[in-house]
Structures are given as C-alpha cells and as structure tokens.
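Residue-level listing of the chains:
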There are 2 protein chains.
Amino acid sequence: MEHRKLKNQDEDDNGGGNDKESQKDLSMTKVPTLGGTTVHWSKWKLKIIVIVALTLLTSSQGILIVWSKINGKYEYSVTTCNFMVEALKCGLSILALARMWRIEGFTKDNRLSTTLDEVIVYPIPALLYLVKNLLQYYILEHLDAPLYQILKNLNIISTGILYRIILKKKLSNIQWAALIQLCAGCSVTQLKTNSDAVFHTSVEGWVMVIVMALFSGFAGVYTEVILKKHPSRNINVQNFWLYIFGMVFSAVAIVIQDFDMVVNMRFFYGYSSITVIMILNQALSGLAVSMVMKYADNIVKVYSTSVAMLVTAVISYYLFGFHLTYGFSLGSVIVVVSVYIHAVGKQR
Amino acid sequence: MEHRKLKNQDEDDNGGGNDKESQKDLSMTKVPTLGGTTVHWSKWKLKIIVIVALTLLTSSQGILIVWSKINGKYEYSVTTCNFMVEALKCGLSILALARMWRIEGFTKDNRLSTTLDEVIVYPIPALLYLVKNLLQYYILEHLDAPLYQILKNLNIISTGILYRIILKKKLSNIQWAALIQLCAGCSVTQLKTNSDAVFHTSVEGWVMVIVMALFSGFAGVYTEVILKKHPSRNINVQNFWLYIFGMVFSAVAIVIQDFDMVVNMRFFYGYSSITVIMILNQALSGLAVSMVMKYADNIVKVYSTSVAMLVTAVISYYLFGFHLTYGFSLGSVIVVVSVYIHAVGKQR
C-alpha cells in the first residue's frame, strides 16, 4: 500500500522480506553482550543490514518520485503504481517461497495454506492505509500544505503511543522525550516556506490530522502485531497474505480515484523507465519495512525513515540543487541527536 | 556587564546576589533524598527560588527593552545604561553588606578588604564580556542578522564545553545530547524571517562567531570559577569586586562607542521611566545570575535563560501581538523537552 508515498513522500508502510530466518522479537532495548552467543550476534547483524537497507531504499524513493514527474506533474496514475508495487512485492514473496520449497520442501511454517483464524487479520493494515489515504485528500482541503507537512509528523507520536498500548512494549522516559524531539526535528526540516505563518487552523482540521496520524500509526503497529504473532511463520508467507490484501485495496483506490483515467486510457499510461525503477524501489523498500517490523520494530522503522529523509535531502542537494535551509540544517541536527538519545536512553 | 543584553537580548552575564548564605557547590546532579537533612532541602529551596527569579527577571527583560525603544530606536545611550546597571548592582551589594555588618559585625568572609591574589581574577569576566561585545559589532558586518541570531546560540555549546574543561564537572552523554538539542531548539524558535535563506557565509564569519561564543562561554564559566573558588566568602563581597570591574569596563565601552554622544549631550539623555525600570530589572537579574552561578551552575543558567526566552515570547504574544510562528512553536517543544532530558539524563 504505497499510495501516500508517491503523493507525499510519507514513510509509513507495511512491506515484506524474503529472508529465510524467522526469529523472535529483537527489540531495540536488548543489547548484544560480549558473552552473548553467535546466534545473538547474527540476529543483530541481520537487524543492522535490514535497517541500513531500509534507510538507503527509502532515501532513493523521494528522489525517484521527483524524477518520475514530468514538468512537476505525474503523467502516470499514482493508484495503478501502488497496485503494481503491491503486486511486485507479492510476486517476489512467492518467488522466495518457491525457492525455499525446492530446497527445504513444505513445512508447517512455509506453506501458503492458512486458517481463517490466521488470515482474518491480514486485510486490516491494508484497509487502514486505504482509509488514511482517502482521509488525506479531505485534510488537504482544510489545512494549508505547510501546516499539513508539519502535522503529518504526528504519526511518529501516534506510532509510539500505539506501540506502547498494542504491543505492550515500554519506552523509557528519555526515549519518549527522544521521540517527541524526533517528531519536532522532522517538522523543523520541513520549515521551508511560509514559516512566518501562524498556527491558525480549524478544530476540524486538527481533529482530522490527529485521526489520520492514528490510522497511520495503527496500520504500522498492527502490521508488526501480525508479523510477530507467529514468530516461526516464514515472513514470505506473511507478506504474501499482506500483499494480496494490499492488491485488493489498491484496486479499490484505483476505482475510487482514477477509474475514469484507467478506463479511458490505458492502465500503464505515462509509465516511463523511471516509473518502473521507482516501482521496483518501492517494492524493495516495502519488503525492507516488513523485515524491520518482524525483526526489529516500529520505533526502529520511524527512526530509519526519518534519517532516510535527511539522506534524501542531502542527495537532492547535489542532484537537484535543493537548498539547505536553516530549518533543514537545524532539523537534521535535532533528528540525529534524537536517534542518539533514543539509543543511549534505554530502559534502566 | 550588560552591554549585549540591551542590544541583543543575549542571556549570558555575570551578576550578584544579596543572600546571607555561603554554600558549597550544589550541582544539578545531586538530588535531595528523602533521608536527606533539612540543610540539604534548604539548599534546594534556595536554588529553586533563585532559578525561578532568574527566569522571571530575564523574561521581563526582553519586554522592557522593546518598551524602552521609541519608534524602534534607542533614544538613550546603551553603554551608559550598562554602566548604570553595573553601578546599581555594585550599590545593592554594598547595601546588603552594610546590613550584614550591622547585624553580624565584620568577619573574615564578609569584609571587603581582600588580597591581590584573590582580586586579580575579578576583572577577567568583565574584560571577556567587553571583548565579546566589541567583537559582536564586527560580526554583524560579516553575517546577515538571521544567521547571527541562530549562531549566537552556539554559546550554549561553548558554555558546556568550557564548563567541562575549566570546572571539571561532567555531564552525562544524554545531557550533552540535551544541550545540543537546547542550542538547536533555541535557534529554531528564532527561525522567523529568511528561513529560506541558505547557509552561505564566509569562513571568517564562522570563525568570528565561534570565537565570540567561546568568549561568551568563557566569561560565564570564569565567573562561576571565581564565585566558587572561595565557597565561604560572602557572595556580596564577590559581587562587589566583580561589579567594580564591570563599571570600569563599561566606562571603557562608553569611551569606545558613545564618547561623542555622551560628551555632546548628557549622560542620561533620552532616559525615560521605562529606561529606569529596565535598568532596575537588569540589575536584579544580574544579581540572580550571580546567585545561580554560586549556588547552581552555568548549565542551570543556560537552561533557565532559554526557558525565559520562551516565556518572553508568550508574554509578547499578548502584549505586542507577537506571532507564534511554526518555528517558534516547534522550537519551544524542543527546548522544553531538552530541559526534561537534561534533568532525567543524569550521570549514571
């Protein structure tokens, strides 16, 4: 479900991975001890690789989105792109599974067949993203764009709160403070234009933004719940089911938003090679997000994607002559220091 | 030495107090335990009162400076004002001492007479502030004003570094991070105009800003060194000597900057009742700063004055219709959370 990524470079997503390992939760609060087993270290290595992959893939995402536009406009249908991303992730998950079946044969954990009881929760994240994305269009009618850019960082806070409530995992007081700083820091980087403008928006606008942040955070946290509920279940099987429903709800979005365009023209109208690369990139980062959710958690994802946002801007600086504003420079410092505070400020 | 306060609402200062107690260092890292003695609690009470006084006095300072201007210009000479502030602080210190002498008689700790060895260090802070204030005029010729507003917050970092080096007091890693966030947060609150502008300034400009931040930090930390070197020495005696040299160097500043004005017109030209109230306020906040330096430390001072800056803005919002910009709102969140992180992130 990558709708809002194309339109807003938002970072919350569910995704998938094609790794063979199925492991228990490796939350950030655990540190590898020198006396730890090699298994413990290999878990950490996997986690680091996945986080770096997510950060790099997300960083290039924003740049590909800019490149994919022609004269600042999308020539292609964004909703069909999202559908293609879901389909590609689904296909990649099946490929990874096929390889595994050939090598290891079928097991309880890698077979696709499932019970209704297990599969019933899989549509939920996709449904939440769909609602969130539709809500977004209405919000943009009520809020000015710069305020919206700032307020959508509230999903960082909502993710933290829902992570605490739903996943029952604790953050230390300092980590909560770091999360607030991260949210504020990300907003500061976006203080580009109209920063003289004052906070005056309708109560309605605020309520909708908070509701959207909750939907977004809930979708992320719920994906983590699903992926961790059956720790031994192969991630590709879990991804397959997530993406099947992702495809279904992307199709719904096409009908709602771009039905006329798709009917009158062709599904792939306006696609260029950049569009194809962008879809590939988004599918891979979706898979990385899914792995981060399974092997790390939503908080790690939030920090990774925030750092990715900074990397994107630095790359853009060289590629597109993006200006490093005071706001961006100060916000970057705040984001980076927040990451440090989060890491150091573990539960005591 | 209040020169730059009038011109830039800067917050670093040495000052004095008229309290009878002379106490050992009460650094922030000590917490009152439930089993602690009442002495420990009374020290804490004193510290809290002094910090609140400093924050409130500093908050009203900025507002009085705005009020004291006529059509946005200073009608009076800023350097003579600074001289008056030093003289008033000196006078108040003598008054407090006179009262003490009448009640307690002369003791080793409250007599004004001193050794050359003790007094030789007292001109140093005043001299450092003079150099810093002169440097400031040259810097403003090399940097644009918004960039200068942002970069002068670097004195928060320089204070931390010099506090560590000179006073040998440790901050935890998290407290260092909080100090960086505080510096960035204060800068963000000032992102009002030209925030689209990019960081392009000469190497020379940067070097001068860093040198100025070091002078400013050094002056503050050195004042703390002087006040704490003889913990039992009455603070009013210490203040007396600090302010005597403050008067001397203020007089030097008058000669350098406003000699013509003072000669051609009168010393008190352009003074209004607001100017008098402002001088009184600055003298009292100077005394509060001195007490914070003696009974708490420079780090506490840096946090207090940053919070005071936020309080000033909120008061200005009601008094002068100051706009709460996105930058100010986000910066305030960052500053407040930094204070929290600093308090919680004590040395473990």
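Everything below is about the structure shown above.
Residues numbered from 1 in each chain as written. Chains lettered and ligands numbered in written order. Predicted model: local features only at pLDDT ≥ 70, side-chain atom pairs only at ≥ 80, totals over all residues. Heavy atoms only, no water.

> Could you clarify how one ought to interpret the overall build of chain A in this entry?
Broken down by element type, chain A carries 13 helices and zero strands. Shown N-terminal to C-terminal, the secondary structure of chain A runs as helices and strands in the order α-α-α-α-α-α-α-α-α-α-α-α-α. Every one of the 348 residues in chain A was classed for burial, and the buried ones make up 53%. Long-range contacts, defined as pairs at least 24 residues apart, comprise 87% of the intrachain contacts of chain A with a sequence gap of at least 6. (Helix = DSSP H or I, 4+ residues; strand = E, 2+ residues; numbered from the N terminus. Buried < 20%, exposed > 50% of the residue type's maximum accessible area, 1.4 Å probe, protein only. Contact = heavy atoms within 4.5 Å.)

> Please clarify how the side chain of Asp 297 of chain A should be interpreted in this entry.
Along the chain, Asp 297 of chain A turns up in the loop between α11 (273-295) and α12 (298-319). A polar contact is formed between the side chain of Asp 297 of chain A and the backbone nitrogen of Ile 299 of chain A, at a distance of 3.0 Å. (Polar contact = N/O pair within 3.5 Å; in protein donor to acceptor, adjacent residues only side chain to side chain.)

> Please explain the packing of helix α7 (residues 154-166) of chain B against helix α9 (residues 203-229) of chain B as it appears in this structure.
Any two packed helices are characterised by the angle at which their axes cross and by the distance between the axes. Residue and element names in this part refer to chain B. Viewed as axis vectors pointing N to C, α7 and α9 meet at an angle of 45°, and their least axial separation amounts to 8 Å. Taken together, α7 and α9 sit at an angle that is classed as oblique. Taken as a pair, α7 and α9 cross one another with a handedness that is right-handed. Across from Leu 154, Asn 155, Ser 158, Thr 159, Leu 162, Tyr 163 and Ile 166 in α7, the residues of α9 making contact are Val 209, Ile 210, Ala 213, Leu 214, Ser 216, Gly 217, Phe 218, Val 221, Glu 224 and Val 225. When the residues that make up the contact of α7 with α9 are grouped by side-chain class, the tally is 11 nonpolar, five polar and one charged. (Axes fitted to C-alpha atoms, helices over the stretch in contact; angles between N-to-C directions. Parallel < 35°, antiparallel > 145°, perpendicular 65-115°, else oblique. Left-handed = near helix turned anticlockwise from the far one by under 90°. Nonpolar A, V, L, I, M, F, W, Y, C, P; charged D, E, K, R; others polar.)

> Whenever I open this one, the environment of Tyr 269 of chain A confuses me. Can you help?
Residue and element names in this part refer to chain A. Structurally, Tyr 269 is set in the loop between α10 (235-264) and α11. Tyr 269 sits 193 residues away from Tyr 76 along the chain, and the two C-alpha atoms are 5.7 Å apart. Once you skip the residues sitting within four places of it in the chain, Tyr 269 turns out to touch Glu 75, Tyr 76, Ser 77 and Met 261.

> Honestly, the packing of aromatic side chains in this entry has me stumped. Any pointers?
Each aromatic ring pair is specified by the distance between its two centres and by the angle formed by the two planes. Residue and element names in this part refer to chain A. Per the stated rule, a full pass over the model turns up 14 aromatic pairs over all chains. Pairing Phe 218 with Tyr 222 gives two aromatic rings, centres 5.7 Å apart and planes at 50°, and the pair type is tilted. Of this pair, Phe 218 and Tyr 222 both sit in helix α9 (residues 203-229), four residues apart, which is roughly one turn of that helix. The class for Phe 218 is partly exposed, based on a relative accessible area of 28%. Judged by relative accessible area, which is 17%, Tyr 222 ranks as buried. A connected cluster of aromatic rings, assembled from ring pairs, spans Tyr 76, Phe 83, Phe 267, Phe 268 and Tyr 271. When the ring centre of Trp 44 is taken as reference, the NZ or CZ atom of Lys 47 above it lies at 4.5 Å. (Phe/Tyr/Trp six-rings, centres within 6.5 Å; stacked < 30°, edge-to-face > 60°. Lys NZ or Arg CZ within 6 Å of the ring centre and 35° of its normal.)

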